[in-house]
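If you want the building blocks of each chain, they are given just below.
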Amino acid sequence: DAGITQSPRYKITETGRQVTLMCHQTWSHSYMFWYRQDLGHGLRLIYYSAAADITDKGEVPDGYVVSRSKTENFPLTLESATRSQTSVYFCASSGQGSFSNQPQHFGDGTRLSIL
Amino acid sequence: SQQGEEDPQALSIQEGENATMNCSYKTSINNLQWYRQNSGRGLVHLILIRSNEREKHSGRLRVTLDTSKKSSSLLITASRAADTASYFCACGGYNKLIFGAGTRLAVHP
């Protein structure tokens, strides 16, 4: 089925480890996004991508790395995980045009715990 | 810093009642969007209202936008238990879409 899928759904890791969260969409949407959701903060944008090989920082990019070699995939890597990165991470996508003028379509999230 | 702030933070009503949630923002916007999030799931887009629109409907949803007051409201009419969720406004500016912290709605049978 068409949609946006994230994997894994749950992940527990230790501080200092590298962890990669995967995101795959089947709509061929131009834009893809990574958000983190923490209690009291709503969603905060980490990184976004306007197209393959084009990425840009969001509000809270420190400690994260992204890549987009293919339109459909947008992995998020925590290079050296810290406890403050414990959160629920959401991937989203939207079509062409200014991303702020388009609805975004979200995956079901990855719940990441860093011990 | 958050652009949209929802009010109330939590709302508890009975089935069949109407639910109204408000969103206020600080700077000018191109559009305002509303999303729903069920527990353990991702956000689902409900409605987008552009800055030159005042009201929009979608099924049991009615959204208003008052740019002079920098505020929007989401009205859910004849609520159902299945409407229990968190609702978020998101303010669309130039290359920005900033989400508020949400309103938790509980609809009791």
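Notes on the structure follow. (Residues numbered from 1 in each chain as written. Chains lettered and ligands numbered in written order. Predicted model: local features only at pLDDT ≥ 70, side-chain atom pairs only at ≥ 80, totals over all residues. Heavy atoms only, no water.)

### Describing the overall build of chain A
The number of helices and strands found in chain A is zero helices and 11 strands. Going residue by residue from the N terminus, the α and β elements of chain A occur as β-β-β-β-β-β-β-β-β-β-β. A globule of 115 residues ought to have a C-alpha radius of gyration of about 13 Å, and chain A, at 13 Å, matches this closely. Dimensions of chain A along its principal axes, counting C-alpha atoms only, are 40 × 25 × 25 Å. The buried share of chain A, taken over its 115 residues, is 49%. Of the contacts formed within chain A by residues at least 6 apart in sequence, a portion of 56% connects residues at least 24 apart. Accessible surface, chain A: about 5500 Å² in total, of which carbon and sulfur atoms supply 46%. (Helix = DSSP H or I, 4+ residues; strand = E, 2+ residues; numbered from the N terminus. Rg over C-alpha atoms; globule rule 2.2 N^0.38 Å. Buried < 20%, exposed > 50% of the residue type's maximum accessible area, 1.4 Å probe, protein only. Contact = heavy atoms within 4.5 Å. Areas by Shrake-Rupley, 256 points an atom, 1.4 Å probe, with all protein chains shown as cover.)

### Observations regarding the pattern of salt bridges
Side-chain pairs of opposite charge can arise whenever the charged atoms involved come near each other. Residue and element names in this part refer to chain A. According to the stated counting rule, one finds eight salt bridges over all chains in the structure shown. For Asp38, the salt bridge goes to Arg36, with nearest N and O atoms at 2.8 Å. Like Asp38, the residue Arg36 is buried in the burial classification. By sharing partners, the salt bridges in this structure join Arg36, Asp38 and Arg44 into a single network. (Salt bridge = Lys/Arg side-chain N within 4 Å of Asp/Glu carboxyl O.)

### Focus on the packing of aromatic side chains
Taken as a whole and judged by the stated rule, the model has 10 aromatic pairs over all chains. Centroid distance A:Tyr35 to A:Phe106: 5.7 Å. Interplanar angle 35°. Geometry classified as tilted. Here A:Tyr35, found in strand 4 (residues 31-38), pairs with A:Phe106, found in strand 10 (residues 105-106); they are 71 residues apart in sequence, far enough to count as distant. No difference in accessibility class separates A:Tyr35 from A:Phe106, as the two residues are buried. Measuring from centroid to centroid gives 5.5 Å for A:Tyr35 and B:Phe99, while their planes differ by 85°, and the two rings are edge-to-face. You can see A:Tyr35 sitting in strand 4 and its partner B:Phe99 sitting in strand 10 (residues 96-99), one on each of two chains. (Phe/Tyr/Trp six-rings, centres within 6.5 Å; stacked < 30°, edge-to-face > 60°.)

### As for the interface of chain A and chain B
Across the boundary between the two partners, chain A contributes 20 residues, which contact 23 residues of chain B. Carbon and sulfur atoms supply 46% of the area buried between chain A and chain B, which totals about 1600 Å² over both sides. Where chain A meets chain B, there are one salt bridge. Our count for the chain A to chain B interface comes out at seven residue pairs in polar contact (both at pLDDT 80 or more). Per element, the largest residue contribution to the side of chain A that touches chain B is three residues, and it comes from strand 5 (residues 42-51) of chain A. Considering only residue class, the side of chain A that touches chain B consists of seven nonpolar, 10 polar and three charged. (Buried area = accessible area lost by both parts, 1.4 Å probe. Polar contact = N/O pair within 3.5 Å; in protein donor to acceptor, adjacent residues only side chain to side chain. Nonpolar A, V, L, I, M, F, W, Y, C, P; charged D, E, K, R; others polar.)

### So, the environment of B:Ile98
Residue placement: B:Ile98 occurs in strand 10. Separated by 94 residues in sequence, B:Ile98 and B:Gly4 place their C-alpha atoms 7.0 Å apart.

### Some words on unusual backbone geometry
The omega torsion across A:Ser7 and A:Pro8 is -10°, close enough to zero to call that bond cis. With an omega of 0°, the peptide bond running from B:Asp7 to B:Pro8 counts as cis. Positive phi values are uncommon outside glycine, yet A:Ser28 reaches one of about 60°. Inspection of the secondary structure assignment puts A:Ser28 in the loop between strand 3 (19-25) and strand 4. With phi around 70°, A:Asp53 is a residue other than glycine that occupies positive phi space. For A:Asp53, the location among the structural elements is in the loop between strand 5 and strand 6 (54-57). Residue classification places A:Asp53 among the exposed positions, given a relative accessible area of 66%.

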